Amino acid sequence: MRILKFAAVGVTAALALTACGQGSATKEAAAPDGKAVVRYMNFSSNDGHEKDLTAIVNAFQTANPDITVQVETVPYADYFTKLQTAVAGGTAADAFELNYENFVTYAKNGSLAELKDVDGSVYKPSLYSAFASDGKQYGVPESFSNVVLFYNKTLFKQAGVAAPTADWTWKDEQAAATKLTNKATKTWGDYQPVSYNEFYKVLAQNGGEFLNADRTAATFNSPQGVEAANFLIGKVGKTMPTEADGAGTPDFDSKLFKSGKLAMWHTGIWMFSALADAKFDWDVVVEPGNTKKASAMFANGLVVNAASKNASAAQKWITYLSSSDETTKTRLASSWELPPIADESKLKSYLDQPKPANRAAVFTALESPVLPPVIERQQEMQDAVTQELTAAAAGRKPVEKALADAQTKVNGLLKK
């Protein structure tokens, strides 16, 4: 999954960096002047946004003088191992951060407190509903990124091809990609990585399902799945570069687009800043679908520990951290991922930036999201699907055989 990466601290701020094993969320922590203490563990402020989180904590404590927030920030690479150990040992923080995939696991195993009386209307509906399970709200969205179709407006204009629109389908995309591909000049019409992350998305765009409703069996080896896989892999060597051309190597796609040799590129909005100095005109649009629209959405959420003795204060903290005006202002000013709020008037400073001009597509894409399929052995599943699709893209096995083999592997992981 894409990671949503999104201090000098005064005494009154009480932003204490604690060790995960110190104290216990199952016992009410001591605090000066009888204040409630909320211990909060996160990864997304690490390596660049610690001061931004400090500013939000300071504002929260000013507005809520009866609550002290203690923060522990852990690098992403270590975070989930440390969190799992803390939850198992009864020492986890009162509130903590989860990406969507891990949220699904923690919500199912009883580790999270149900949130009560949250005003869900302040959040984008698709983001808010992502952090519900079995009809109960176990978290609130904290931030998000998603994937859109980037396109080189200059190449389109030079080739006399109409620019992409929100109404485009796969057929429209590939018709344009064919016209824009010029192998003599090593200019390609399209690039969409052949991988698990792209496959589950195009599967959804074709009306297919990756797993059955109770996540006990893979269902992607279906007519919709075969068509989706053929669409993705069928581009390779025709309108899209191959492994031999360098596809799949680090930064290959970003360098290709930035060099002006790629007309369309399926990638995330986290690339906006990297293209600020591109020498050509470019923009974005919601990705085409086939039978329906479906845009990949990656979200971080905030939750309350089911064992917390400070659950009410913890819920007040996470709702502030996820939706307050202070948080929105801080995130936008520091480019610390996008806030999940519904009121787009508060996002004016983001939407008004000149490049890309169609930033509204970022929020339009949230109207038809597809979330990553989740199983206990997540990484193994992702690797298995990518491996099989890559083999088909390289011509080592037929697409239909690769998809069948991938489903067999995933069903094996589900049974172990």
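Above this text sits the structure in question.
These numbers were taken from a predicted model, which means no experiment stands behind them. (Residues numbered from 1 in each chain as written. Predicted model: local features only at pLDDT ≥ 70, side-chain atom pairs only at ≥ 80, totals over all residues. Heavy atoms only, no water.)

Undergrad: What is the right way to read the pairing of strand 7 (residues 264-268) from this model?
TA: On a regular strand, one side chain projects to one face of the sheet and the next to the other, so that they alternate. Judged by how many residues are buried, strand 7 sits mostly within the fold: five of five residues are covered. Both strand 6 (residues 139-152) and strand 7 contribute to a ladder of five bridges, which runs antiparallel. The residue bridging Leu149 from the neighbouring strand is His266, located in strand 7. (Buried < 20%, exposed > 50% of the residue type's maximum accessible area, 1.4 Å probe, protein only. Helix = DSSP H or I, 4+ residues; strand = E, 2+ residues; numbered from the N terminus. Pairing = 2+ DSSP bridges.)

Undergrad: Could you clarify how one ought to interpret the packing of aromatic side chains in this entry?
TA: Each aromatic ring pair is specified by the distance between its two centres and by the angle formed by the two planes. Per the counting criterion, the structure on display carries 31 aromatic pairs. Between Tyr40 and Trp317, the ring centres sit 5.6 Å apart and the planes meet at 75 degrees, which makes this aromatic pair edge-to-face. With Tyr40 in strand 1 (residues 36-42) and Trp317 in helix 10 (residues 311-323), this residue pair connects regions lying 277 residues apart in the sequence. Aromatic side chains Phe43 and Tyr76 sit 5.1 Å apart centroid to centroid with 80 degrees between the ring planes, which places their arrangement in the edge-to-face category. Taken together, the residues Phe43 in the loop between strand 1 and helix 1 (50-63) and Tyr76 in helix 2 (residues 76-89) connect sequence positions 33 residues apart. (Phe/Tyr/Trp six-rings, centres within 6.5 Å; stacked < 30°, edge-to-face > 60°.)

Undergrad: Just to check I follow, could you spell out the nonpolar core for this structure?
TA: For soluble globular proteins, the rule of thumb is that nonpolar side chains tend to be buried together. Counting 88 residues, the largest nonpolar core has Phe150, Phe199, Phe210 and Phe220 as the members making the most contacts within it. Beyond its immediate chain neighbours, meaning those up to four positions away, Phe220 contacts Phe199, Leu203, Glu209, Phe210, Gly225, Val226, Val385, Leu403, Ala406, Gln407 and Val410. Counting 27 residues, the second-largest nonpolar core is a separate cluster that includes Val140, Val304, Ala313 and Tyr320. (Core = buried A, V, L, I, M, F, W, Y, C linked by side-chain atoms within 4.5 Å. Contact = heavy atoms within 4.5 Å.)

Undergrad: Please clarify how the pattern of salt bridges should be interpreted in this entry.
TA: Pairing between side chains of opposite charge can happen when the charged atoms of each approach one another. A complete count under the given rule lists 20 salt bridges for this structure. Here Asp190 makes a salt bridge to Lys235, at a shortest N to O gap of 3.0 Å. Taken together, the residues span a long stretch of sequence, with Asp190 in the loop between helix 6 (170-180) and helix 7 (196-205) and Lys235 in the loop between helix 8 (223-234) and helix 9 (252-258) at a distance of 45 residues. With a shortest N-O distance of 3.4 Å, Lys329 and Glu326 are connected by a salt bridge. With a gap of three residues between them, Lys329 and Glu326 both fall in helix 11 (residues 325-334), about one helical turn apart. Overall, the relative accessible area of 22% leaves Glu326 in the partly exposed class. (Salt bridge = Lys/Arg side-chain N within 4 Å of Asp/Glu carboxyl O.)

Undergrad: What's the story with the pairing of strand 3 (residues 95-99) in this structure? I'm lost.
TA: With respect to burial, strand 3 is a largely interior element, five of its five residues being buried. Burial along strand 3 is two-sided: Ala95, Glu97 and Asn99 and Phe96 and Leu98, pointing in opposite directions, are all buried. Both strand 1 and strand 3 contribute to a ladder of two bridges, which runs parallel. Opposite Tyr40, over in strand 3, you have Ala95 as the bridge partner.

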